[in-house]
Amino acid sequence: MRPLEGLKVIEMGVYVAAPGVTRLFADWGAEVIKIEAPTGDNARIGGYSIHLPARPDCNPTFSLPNSGKKLISLNLKTPEGMEVMEKLLADADIFISNNRYGGLSRLGLDYESLHARYPRLICGYVNGYGFEGPDKDRPGFDMTSFWATSGILNAMRDPENPPRFPPPGVGDTATSGMLAAGVLAAVIKRYSTGEGSKVTTSLMATGIWCNYSHVTAGQDRKLPDTQEPFRTPYPFKQWKNPFYHVYRCKGERLFFLLGGSYGKLPLTLEALGLDDLVGDPRYANHAAMQKNSDYLYDRMIEKFLEKTAEEWSEILQPLDISFEILSTNCDVSKSEQAWANGYLTHMEFPDGNSYIAPNTPVDFSDCEKAQSRHVGGIGCDTRQVLAQLGYTPEQIQELLGRGAAIEK
């Protein structure tokens, strides 16, 4: 038995932030019914921007946040469409949406309206900038609301260059995990109170939380050694730690060294071929090293160019310190470690295509891990869901004919 079996979840979401929440719930055993507008979720065409197909018979980028759900399409501007929606909500446990809150209010799908009709219903909402303040109604996306407003994107560059764009959806999926946790906390609370709750988060909130270290450090205060303010982006040497840096190796691969200065400084210097610095009081410990880091940076940059990333990996492995060769996307799909842990799967599509794709990243000891799988076209499960609600075949055909329900 999967942990959320018995919970019924209604999702009215687009793109990734809300659908990512319910993908987790579906994998964990909940019955998830996703409601799309007659034109479908805009994420259905997102694959084109990264050169992937986006057809009903093969749509990897749409399938990933929506795997495991039943898909129904309703026209909520019709009385009949709203009647179906109300029937779905009547025995639901959870409602999730990232639609504009004003639009939800006009449909009576805001928390206040829903709580009045369904007091046990837990409502989870996510938007770009939060539900208060001057930007609460602005459109928000992963790149703007998560990356740009949190300070993360500005920090991920050299001072003289603009940042490179991160892969799409990273902030969305981080935010969906936060909302999923909050909603499940509300489920636990309901066992005691019998009452539903309104649970909210935003891309901006999650971005600021994920960037906690720089947000806290980067306030208007002076650094003790230079009396300069801590600002990002900054020259890498300002970090004062050559053991927290990406180095270019022979053959052009990049190597992230993240350990070796705490308690293992002499051993690491020796392994890097910097024997002349072993015993040097300037590099006797981490605190001394930080005061004399510029020279060590220059030496380490030269050293890493002498060997390939794979050779450095073999040299440093016995020290039991943290490091990693930077992976390409293709490296990830071939990772023995990822496959051993079930982080990846072969996602098959009706048109005969197969893609290596991620699974959701949580495992339970007593149930089989759900696999990412193909999701059909707009309204592919409309008939099935309507039949479960008690509609007869004739009534279903009438709803389809009136355009209140959609099957494409």
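Draft legend 1. Structural view of the overall build of the protein. Assigned secondary structure in the protein consists of 18 helices and 12 strands. Principal-axis analysis of the C-alpha atoms gives the protein an extent of 85 × 50 × 40 Å. In the form shown here, the protein has an accessible surface area of approximately 21,000 Å², with 55% of it arising from carbon and sulfur atoms. Taking the average place of the 41 positive charges on the side chains of the protein and the average place of its 50 negative ones, the gap between the two points comes to 4 Å.

Draft legend 2. How the structure looks around the sheet that holds strand S12 (residues 405-406). Within the open sheet, the seven strands sit side by side as S6-S5-S4-S1-S2-S3-S12. Their pairing is mixed. The sheet is open, and its two borders are formed by strand S6 (198-202) and S12, each paired with just one other strand. Sheet strands touched by helix H8 (residues 170-193): strand S4 (94-97), strand S5 (122-127) and S6. Its angle to S5, the strand with the most contacts, is close to 160 degrees.

Draft legend 3. How the structure looks around the pattern of salt bridges. Going through the model one piece at a time under the given rule, you end up with 24 salt bridges. The partner of Asp137 in a salt bridge is Lys136, and the shortest N-O contact between them spans 3.3 Å. For the salt bridge of Glu306 with Lys303, the shortest nitrogen-to-oxygen distance reads 3.6 Å. Connected via shared salt-bridge partners are Glu11, Lys34, Asp41 and Lys69.

Draft legend 4. Main features of the packing of H8 against helix H9 (residues 203-210). One can describe the packing of H8 onto H9 by two numbers: an axis separation of 9 Å at closest approach and a directional angle of 95 degrees. Judged on the interaxial angle alone, H9 and H8 are roughly perpendicular. Between H8, through Gly171, Asp172, Ala174, Thr175 and Met178, and H9, the contact on the second element is made entirely by Leu203, Thr206 and Trp209. Classifying every residue of the contact of H8 with H9 gives four nonpolar, three polar and one charged.

Draft legend 5. Spatial organisation of the environment of Leu4. With respect to the helices, strands and loops of the structure, Leu4 is situated in the segment before strand S1 (8-12). In this structure the C-alpha to C-alpha distance between Leu4 and Pro163, which are 159 residues apart in sequence, comes to 40 Å.

Draft legend 6. Spatial organisation of the sheet that holds strand S8 (residues 254-257). In spatial order, the strands read S7-S8-S9; together these three strands make up an open sheet with antiparallel pairing. On the outer flanks of this sheet lie strand S7 (245-248) and strand S9 (323-325), each paired with one strand and no other. Neighbouring strand axes in the sheet, compared pairwise and without regard to direction, differ in orientation by 20 degrees on average. This element, helix H13 (residues 293-304), spans S7 and S8 of the sheet and lies at about 45 degrees to S7.

Rules used in this analysis
Residues numbered from 1 in each chain as written. Predicted model: local features only at pLDDT ≥ 70, side-chain atom pairs only at ≥ 80, totals over all residues. Heavy atoms only, no water. Helix = DSSP H or I, 4+ residues; strand = E, 2+ residues; numbered from the N terminus. Areas by Shrake-Rupley, 256 points an atom, 1.4 Å probe, with all protein chains shown as cover. Lys, Arg positive; Asp, Glu negative; His and termini not counted. Charge placed at Lys NZ, Arg CZ, Asp CG, Glu CD. Pairing = 2+ DSSP bridges. Contact = heavy atoms within 4.5 Å. Axes fitted to C-alpha atoms, helices over the stretch in contact; angles between N-to-C directions. Salt bridge = Lys/Arg side-chain N within 4 Å of Asp/Glu carboxyl O. Parallel < 35°, antiparallel > 145°, perpendicular 65-115°, else oblique. Nonpolar A, V, L, I, M, F, W, Y, C, P; charged D, E, K, R; others polar.

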